[in-house]
Amino acid sequence: VQLQASGGGLVQAGGSLRLACAASGRTFFSSTVMGWFRQAPGKEREFVAAVGWTGGTTDYLDAVKGRFTISRDNAKNTVYLQMHSLKPEDTAVYYCAASRAGSYIGTRTTDFISWGQGTQVTVSS
């Protein structure tokens with residue numbers, strides 16, 4: 001499966017952005033847990049959010065709870081990350097990822113097997 005992320009950009013602190021990730025190729029998107037990770041310069045890639053097959057189950061990094069919302073549209077093979085109240089510490093390259101088979105919602109990079117190319121999010125203070 002190929003993943004194409006979009007929607008990043010430069011925004012002031014307190015602003016909002018919506019990331020999208022479209023899946024293509026041989027995909028069983030509607031039965032794949034999808035996630036978002038981010039990586040800031042000099043730091044390891046960290047889990048941000050994940051969503052189960054139907055969108056009814058989600059998990060978030062504590063630092064983004066209440067500000068970020070992950071959702072999916074299985075008809076469009078697309079997963080979204082709506083980000084509000086952005087902070088400078090949210091600055092990073094954001095990656096979407098598709099999990100291994102099954103319904104388990106993991107938070108480790110090793111739980112995911114396909115990755116998008118990343119989209120830069122920069123939050124200015």
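Look up a bit, the structure's there.
Predicted, not measured: the structure shown is a model, and the values here were computed from it.

Among the nonpolar cores identified, the biggest contains 28 residues, and Trp36, Leu81, Met83 and Tyr94 are the most heavily contacted of them. Once residues within four sequence positions are removed from consideration, Tyr94 is found in contact with Leu19, Trp36, Phe37, Arg38, Val48, Phe68, Leu81, Met83, Gly118, Thr119 and Val121. Judged by nonpolar contacts, the second largest core, of 7 residues, contains Val33, Phe47, Ala97 and Phe112.

Right, let's talk about unusual backbone geometry for a bit. Although it is not a glycine, Asn77 adopts a positive phi angle of roughly 50 degrees. You can see Asn77 is positioned in the loop between β7 (68–73) and β8 (78–83). Of note in the backbone geometry, Ser85 takes a positive phi value of approximately 50 degrees without being a glycine.

Okay, the pairing of β7 next. Looking along a regular strand, one sees side chains alternate from face to face of the sheet. Only one face of β7 is covered, namely the one carrying Phe68, Ile70 and Arg72; the face carrying Thr69, Ser71 and Asp73 has none of its residues buried. Relative to β8, β7 runs antiparallel, the two being bridged by 6 bridges. Among the inter-strand pairings, Ser71 is bridged to a residue of β8, identified as Tyr80. What sits between the antiparallel neighbours β7 and β8 is a turn of 4 residues, in which Asn77 has the positive phi angle 50 degrees.

Criteria and thresholds
- Residues numbered from 1 in each chain as written.
- Predicted model: local features only at pLDDT ≥ 70, side-chain atom pairs only at ≥ 80, totals over all residues.
- Heavy atoms only, no water.
- Core = buried A, V, L, I, M, F, W, Y, C linked by side-chain atoms within 4.5 Å.
- Buried < 20%, exposed > 50% of the residue type's maximum accessible area, 1.4 Å probe, protein only.
- Contact = heavy atoms within 4.5 Å.
- Helix = DSSP H or I, 4+ residues; strand = E, 2+ residues; numbered from the N terminus.
- Pairing = 2+ DSSP bridges.

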